There are 2 protein chains.
Amino acid sequence: MSMYYESKRRSVIKTISWRFFATLDTTLIVFILTGKLLLAVSVSGIEIVTKIALYFFHERAWNKINFGRRTIQPFVLWFTGLPGAGKSTLAARTTEYLRKKGLQVQQLDGDKIRAIFPDTGFTREERDRHIQRVGYLASMLEQNNVIVIAALISPYEATRRAVRGLCRNFVEVYVDTPLTVCEERDPKHLYRRARAGEIDHFTGIDDPYEIPRDPEFRINTENKSVEESFQDIKKFLSKYTDT
Amino acid sequence: MSMYYESKRRSVIKTISWRFFATLDTTLIVFILTGKLLLAVSVSGIEIVTKIALYFFHERAWNKINFGRRTIQPFVLWFTGLPGAGKSTLAARTTEYLRKKGLQVQQLDGDKIRAIFPDTGFTREERDRHIQRVGYLASMLEQNNVIVIAALISPYEATRRAVRGLCRNFVEVYVDTPLTVCEERDPKHLYRRARAGEIDHFTGIDDPYEIPRDPEFRINTENKSVEESFQDIKKFLSKYTDT
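So, how was this worked out
Residues numbered from 1 in each chain as written. Chains lettered and ligands numbered in written order. Predicted model: local features only at pLDDT ≥ 70, side-chain atom pairs only at ≥ 80, totals over all residues. Heavy atoms only, no water. Least-squares fit on C-alpha atoms with pLDDT ≥ 70 in both. Contact = heavy atoms within 4.5 Å. Buried area = accessible area lost by both parts, 1.4 Å probe. Salt bridge = Lys/Arg side-chain N within 4 Å of Asp/Glu carboxyl O. Polar contact = N/O pair within 3.5 Å; in protein donor to acceptor, adjacent residues only side chain to side chain. Nonpolar A, V, L, I, M, F, W, Y, C, P; charged D, E, K, R; others polar. Pairing = 2+ DSSP bridges. Helix = DSSP H or I, 4+ residues; strand = E, 2+ residues; numbered from the N terminus. Axes fitted to C-alpha atoms, helices over the stretch in contact; angles between N-to-C directions. Parallel < 35°, antiparallel > 145°, perpendicular 65-115°, else oblique. Left-handed = near helix turned anticlockwise from the far one by under 90°. Phe/Tyr/Trp six-rings, centres within 6.5 Å; stacked < 30°, edge-to-face > 60°. Lys NZ or Arg CZ within 6 Å of the ring centre and 35° of its normal. Domains from an automatic or database assignment. Buried < 20%, exposed > 50% of the residue type's maximum accessible area, 1.4 Å probe, protein only. Expected span 1.5 Å × (residues − 1). Patch = residues over 30% accessible without salt bridge, like charges linked within 9 Å, V, L, I, M, F, W, Y side chains within 5 Å. Areas by Shrake-Rupley, 256 points an atom, 1.4 Å probe, with all protein chains shown as cover. pLDDT = per-residue confidence, 0-100.

## A look at the relation of the copies chain A and chain B
Note on the copies: chain A fits chain B at an RMSD of 0.2 Å, the axial shift is 0.1 Å, and the rotation between them is 180°. On the angle and the small slide along the axis, the relation comes out as a two-fold axis.

Written out as structure tokens, the structure reads:
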């Protein structure tokens, strides 16, 4: 990706070039229809002046018309829920959707960021540090006009509230999939390993998940396809992406 | 900050509105000059068709003209150097300069990020973790079209190289101010405290600073005002901001 600009000089010269050819067009039409050169030149002389004035007032008038204008405030969409609830899947689908709309979007996945900071464990202290790191990253991106879609178990209410405090426009989505369903899905076989005692501090098994008290959105993915769940999110999101 | 968009429908209706008034203008000019309504209507009928075609070909032709076009690839400008070398001051000045150019810029200051992660100390391991965190943050911002201006002592060559590996367009600026000058300036009285034994692991005193082997730019701030040093950076930066 890169930033593309056109210089002021390019715009000035392109404007002059357009006016030249547009006026030449008018002159030719009048001359061909009437055979009178003086008339053709008079029309185009008046046209140059009036079109410039007209363009200016047309722009000013449209400045007062709000039809079709949209302002999107960047936000941090934070998916929280048990392992296997469907956070990353829904986050990826949402990211894809918003990118297609032409928005600048960054997905942040708890697991992927842990892979970059491998010394991060799963004690409360280490989880908090991890989430604080992701939260700070999210807030920085948000400040720079990037929409953030984060997917993290983020099991503690207090930590989620701390991240909310860092962000300007924090939107908490509680992926409320029942433990039994998550354990049945078990996409990465982590529940099986946790039950076998191979993993400690596993949220839902031997580590608590504090249910969000007041999330902006709550979604139960049980008996729903990914696409159905995403449609619910899309509908909810419209108030953040349409203005 | 927010993202501003205009919908396609707004553009379509605004285009029709412009064509309507522009053609009305031509019709009026011809009618007033000649008094012939049929001629005026004929001119404007031909004008509508020819102007739309002309506009299209004008745009296509300008697409092939590169005059005044600029593409800026985002980059991470990484100031490294001893405490008191002038990194943060020059970073702030550079950030201000690039923002005024209308670019999306984020300044990352080692000290400020340490304040958010207060458990970060100054052992080699803790420094590395800190710089890795800032480097990752920088790379994420860069990926999202944000220019990053970072100011960190970042004393180890290996760690700087690791951050370089994370970023797409890493520009290392070695603020090469001699230790004696830094110690003389001592803006935060840290050298004084380090000499008094109040601070451990202080770079330049009891912790090493590994001189960058191959930085993109090297600047000695000795005997130079901030503005003079900044002018050197500005000149160097032109190859990244002008294309």
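## With respect to the interface of chain A and chain B
How big an interface is tends to be reported as the loss of accessible area on association of its parts. Contacts between the two partners involve 67 residues from chain A, matched on the other side by 67 residues from chain B. When the two sides are added together, the surface that chain A and chain B hide from each other amounts to roughly 6,600 Å², 63% of it contributed by carbon and sulfur. Between chain A and chain B we count four salt bridges in total. Close ionic contact of B:Glu59 with A:Lys14 constitutes a salt bridge, the shortest N to O distance being 3.1 Å. Viewed at the interface, chain B and chain A are joined by 30 residue pairs in polar contact (both at pLDDT 80 or more). Its residues assigned to classes, the side of chain A that touches chain B shows 33 nonpolar, 19 polar and 15 charged. As defined by bridge partners, strand S1 (residues 3–6) of chain A adjoins strand S2 (residues 69–72) of chain B across four bridges and the pair is classed as antiparallel. From the neighbouring strand, A:Glu6 faces S2(B), where its bridge partner is B:Arg69.

## Topic: the packing of helix H5 (residues 124–143) of chain B against helix H6 (residues 157–166) of chain B
Residue and element names in this part refer to chain B. Running from N to C, H5 and H6 cross one another at 20°; their axes reach a closest spacing of 9 Å. Our classification of the angle between H5 and H6 gives roughly parallel. The hand of the H5/H6 crossing is right-handed. Along the contact surface, H5 presents Arg124, Asp128, Ile131, Gln132, Gly135, Tyr136 and Ser139, while H6 presents Ala158, Thr159, Val163 and Leu166. Taken together, the residues that form the contact of H5 with H6 break down as five nonpolar, four polar and two charged.

## Focus on the packing of aromatic side chains
All names here are of chain A. Per the counting criterion, the structure on display carries 22 aromatic pairs over all chains. Between Phe56 and Phe57 the ring centres are 5.3 Å apart and the planes differ by 80°, which places this aromatic pair in the edge-to-face class. Considering the side-chain rings of Phe217 and Phe236, the 4.4 Å spacing of their centres and the 10° angle between planes classify their relative orientation as stacked. Of this pair, Phe217 sits in strand S7 (residues 217–219) while Phe236 sits in helix H9 (residues 226–241), placing them 19 residues apart in sequence. Put simply, the rings of Phe75, Phe217, Phe236 and Tyr240 touch in pairs and so form one group of aromatic residues. It is Arg114 that lies over the ring of Phe122; its NZ or CZ is 3.8 Å from the centre.

## Some words on the domain arrangement of chain A
Each assigned domain of chain A is listed with its residue range as follows: domain 1 (8–63) and domain 2 (76–241). A C-alpha centroid distance of 57 Å is found between domain 1 of chain A and domain 2 of chain A.

## Considerations on the pairing of strand S3 (residues 76–80) of chain A
Residues and elements named next belong to chain A. The element S3 is extensively covered by neighbouring structure, given that five of its five residues are classed as buried. Summarising the sheet, S3 and strand S5 (residues 147–151) pair through four bridges and their orientation is parallel. Among the inter-strand pairings, Trp78 is bridged to a residue of S5, identified as Ala150. Pairing analysis gives five bridges linking S3 to strand S6 (residues 170–175), with the strands arranged parallel.

## Here we look at helix H1 (residues 8–34) of chain A
With 27 residues, H1(A) extends 39 Å between its outermost C-alpha atoms, agreeing within 8% with the 39 Å of an ideal straight helix rising 1.5 Å per residue. Listed as buried for H1(A) are A:Arg10, A:Lys14, A:Ser17, A:Trp18, A:Arg19, A:Ala22, A:Thr23, A:Asp25, A:Thr26, A:Thr27, A:Ile29 and A:Val30. Contacts from the buried residues of H1(A) go to S1 and helix H2 (37–63) of chain A together with helix H1 (8–34), helix H2 (37–63) and S2 of chain B. Following H1(A) by one or two positions, A:Gly35 adopts a phi angle in the positive range, close to 75°.

## Overview of the sheet that holds strand S4 (residues 105–109) of chain B
Residue and element names in this part refer to chain B. Reading across from one edge, S4-S5-S3-S6-S7 is the order of the five strands in this open sheet, with parallel pairing throughout. Since the sheet does not close on itself, it has two edges, and those belong to S4 and strand S7 (217–219), each with one partner. Direction aside, the axes of adjacent strands within the sheet are offset by 15° on average. Of the strands in this sheet, strand S3 (76–80) and strand S6 (170–175) are in contact with H6, which crosses S6 at around 150°. Each of S3, S6 and S7 is contacted by helix H9 (residues 226–241), which is oriented at about 170° to S7, the strand it contacts most.

## A short note on the side chain of A:Ser229
With respect to the helices and strands, A:Ser229 occurs in helix H9. Not counting residues within four places of it along the chain, the set of residues in contact with A:Ser229 comprises A:Leu90, A:Ile219, A:Thr221 and A:Lys224.

## Let's talk about the environment of A:Thr180
Within the secondary structure, A:Thr180 sits in helix H7 (residues 179–185). In this structure the C-alpha to C-alpha distance between A:Thr180 and A:Arg69, which are 111 residues apart in sequence, comes to 46 Å.

## Examining a nonpolar patch on the surface
Together, A:Phe20, A:Phe21, A:Leu24, A:Leu28, A:Phe31, A:Ile32, A:Leu33, A:Leu37, A:Val41 and B:Ile46 make up a nonpolar patch on the protein surface, roughly 910 Å² of accessible area in all. Contributing elements (two or more residues each) for the nonpolar patch: H1 and H2 of chain A. At seven residues, the largest contribution of residues to the nonpolar patch is made by H1(A). Here A:Phe31 lies in helix H1.

## Digging into the confidence of the model for chain A
Regions with low pLDDT should not have their predicted coordinates read in detail. Per-residue confidence for chain A averages 92 on the pLDDT scale, and 99% of its residues sit at or above 70. Across the assembled chains, the prediction reports ipTM 0.80 with pTM 0.83.

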